[in-house]
Amino acid sequence: MNYFVGAIRWVLDPAHYPGPNGIPVRMAEQLWYTALTLVIACAIAIPIGYAIGHTGRGRAVAVSVTGGVRALPTLGVLTLVALWTGIGLQAPIVSFVVLAIPSILAGAYAGFEAVDRNVVDAARAVGMTGWQVLARVEVPLGLPLLIGGIRAAALQVVATATLAAYVGSGGLGGYLFAGLQTRDYEQMLAGALLVVVLALVLEGLFALVQRLVVPRGVVAQRGNVRTRPSRSRPVMGDPIEEGK
Amino acid sequence: MIEFRHVSKRYPDGTSAVEDFSVVIPSRETTVLVGSSGCGKTTLLRMINRMVDPSSGSVAIDGEDVAHVDPVRLRRRIGYVMQNSGLLPHRKVIDNIATVPMLNGVPRAQARARALELMDTVGLDRSLADRYPAQLSGGQQQRVGVARGLAVDPNILLMDEPFGAVDPIVRADLQRELLRLQRDLGKTVVFVTHDIDEAFLLGHQVVILQKGGVVAQRGTPREILARPANEFVASFIGADRGKRALRVARADGVDVVVDGDGRPAGVLVGTEEDAAAGGPGS
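Being a predicted model, the structure only gives us computed values, none of them experimental.

(A) Region of the structure containing the overall build of chain B. Secondary structure summary: chain B contains 10 helices and 13 strands in total. Across its three principal directions, the C-alpha atoms of chain B cover 65 × 50 × 35 Å. Residues classed as buried in chain B amount to 39% of the 282 residues present. Counted over contacts in chain B with a minimum sequence separation of 6, partners at least 24 positions apart contribute 59%.

Following this line, the structure appears as structure tokens:
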């Protein structure tokens, strides 16, 4: 409990705010790594996930590969890549992207698979091209699950981004590693608290976004009994719950 | 005119949905494909707009083999109405109806104006235009489905058990509405159902299918009732029992028609020839 009070005192101490090692700069770095990671991971995972969800092909491969990737310890990946690329931002970003991809990928294809088969079939039958079915039916209706996947990834990354400091790239992890070396446990706990605050803020933001992107007609549909089940293939996991 | 020429559909796993099916569907009339589940009726329907391609044989619309038409262009000029409406849940009623015209490049305002007219046509109140499909009853959703099917003013309207999932009262209502629409619009309607009463009510021509798309009998409802081609047809239409096996009974000097169980079904007022000549008894 004393550590806890000390950590809060540490966070509130004005001396820890100015300069490149101040709390605002470290928080900004942490957020920047998280944002950069998510953008890169989305750019990779969403097209692949959409391709899998739209065609229904390659799903088994994606499940086993992302399952394997999930088992990789991020610290190990970070060390491995850092040995290759050296000190800098590349190694942490690469390892965070590897961490973020499985959730986003699962959100992307699970979102498509959750779309009522009947609706997709009808869209084709009235004369939509494959691309139109994708853009006008599958993407909007799959958006809530995709955002859920990104939300899970964001939480994992914002917490794991502390590892950037392991290869000297700053972020809130700086307080953890500095505190560990100097046995300054109040500083360590303060760093951890700041990560928690960031994670909670992100969680709130994504919860809001997730509500906003649910198509309005689908909100109205909630509570009604689905007339027909979704695609017969089971939706793997619930990406919203992952990483918690 | 839609022509099925020796159409078969076999799947890679060896099962066969349809074997050597040939039927001519005349223009501006309603043809009903009726049969129990697994008889291939939906498969046949979906061959007309190339949602399914036949393994052999061909389907021709006004002499043109659909295999040579781009499927997307083909589907955009054929109306399609399905069970459970298949409406886009994230679009308002009016936008659902306007979907296909807008795909064809009709300006939004024009497509929406036309959609409102179509709501009148299918008996939907215009105040429902801004609702989402989930906010409508099953019957209303099916009406929206029909309006969407009519949106590009197609010559052909395909209907796949459109009234199968609504309650009997609403179904009767929708059936009456379809008969009225067909009188007014004169589309070539191909209608799939497993309900023989619905088939006899709506069809100018009825095609009764057995397993594997084998035509058990084809004709007007009257022809089929008068002369069932075989026992399968007789039992399928129920000609030998219940409400279709009617007898005339005399009661108080009036001819009363009773069904197979002896329950009165109506009063015999004369023959159709009498009616044509100007009323009963003349």
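(B) Summary view of helix H4 (residues 74-85) of chain A. Residue and element names in this part refer to chain A. In this model, H4 (12 residues) spans 16 Å end to end at C-alpha, consistent with the 16 Å of a helix rising 1.5 Å per residue. In the core, the buried residues of H4 are packed alongside helix H5 (90-113). One or two steps after H4, the chain reaches glycine 86, where phi turns positive at roughly 85 degrees.

(C) Molecular detail of the sheet that holds strand S13 (residues 264-267) of chain B. Residue and element names in this part refer to chain B. Overall, antiparallel pairing links the 3 strands, which are arranged S11-S12-S13 in an open sheet. Each edge of the open sheet carries a strand with a single partner, namely strand S11 (247-251) and S13. When strand polarity is set aside, the average angle formed by the axes of neighbouring strands in this sheet is 40 degrees. For S11 and strand S12 (residues 254-258), the ladder comprises 5 bridges, and the chain directions are antiparallel. If you follow arginine 247 over to S12, its bridge partner there is valine 258.

(D) The arrangement of the interface of chain A and chain B in detail. The interface is formed by 24 residues belonging to chain A together with 22 residues belonging to chain B. Elements that contribute at least two residues to the side of chain A that touches chain B include exactly helix H6 (117-125), helix H7 (130-160) and helix H10 (216-221) of chain A. Ranked by residue count, the leading element in the side of chain A that touches chain B is H6 of chain A, at 7 residues. Of the residues belonging to the side of chain A that touches chain B, the class tally is 12 nonpolar, 8 polar and 4 charged.

(E) Structural view of the sheet that holds strand S7 (residues 156-160) of chain B. All names here are of chain B. Pairing within the open sheet is mixed, and its 6 strands lie in the order S6-S7-S8-S3-S9-S10. In this open sheet, the two strands that pair with only one neighbour each are strand S6 (78-82) and strand S10 (214-219). Across the sheet, the axes of successive neighbouring strands diverge by a mean angle of 15 degrees, strand direction being ignored. Bridge count between S7 and strand S8 (residues 188-193): 5 bridges; the pairing is parallel. Its bridge partner lying in S8, methionine 159 is registered against phenylalanine 191. Each of strand S3 (30-34), S6, S7, S8 and strand S9 (205-210) touches helix H1 (residues 41-48); the most contacted strand, S8, lies at about 155 degrees to it.

Conventions adopted
Residues numbered from 1 in each chain as written. Chains lettered and ligands numbered in written order. Predicted model: local features only at pLDDT ≥ 70, side-chain atom pairs only at ≥ 80, totals over all residues. Helix = DSSP H or I, 4+ residues; strand = E, 2+ residues; numbered from the N terminus. Buried ≥ 20, exposed ≤ 12 C-beta atoms within 10 Å, placed from the backbone. Contact = placed C-beta atoms within 7 Å. Expected span 1.5 Å × (residues − 1). Pairing = 2+ DSSP bridges. Axes fitted to C-alpha atoms, helices over the stretch in contact; angles between N-to-C directions. Nonpolar A, V, L, I, M, F, W, Y, C, P; charged D, E, K, R; others polar.

Purely spatial values, then, with no claim about function.
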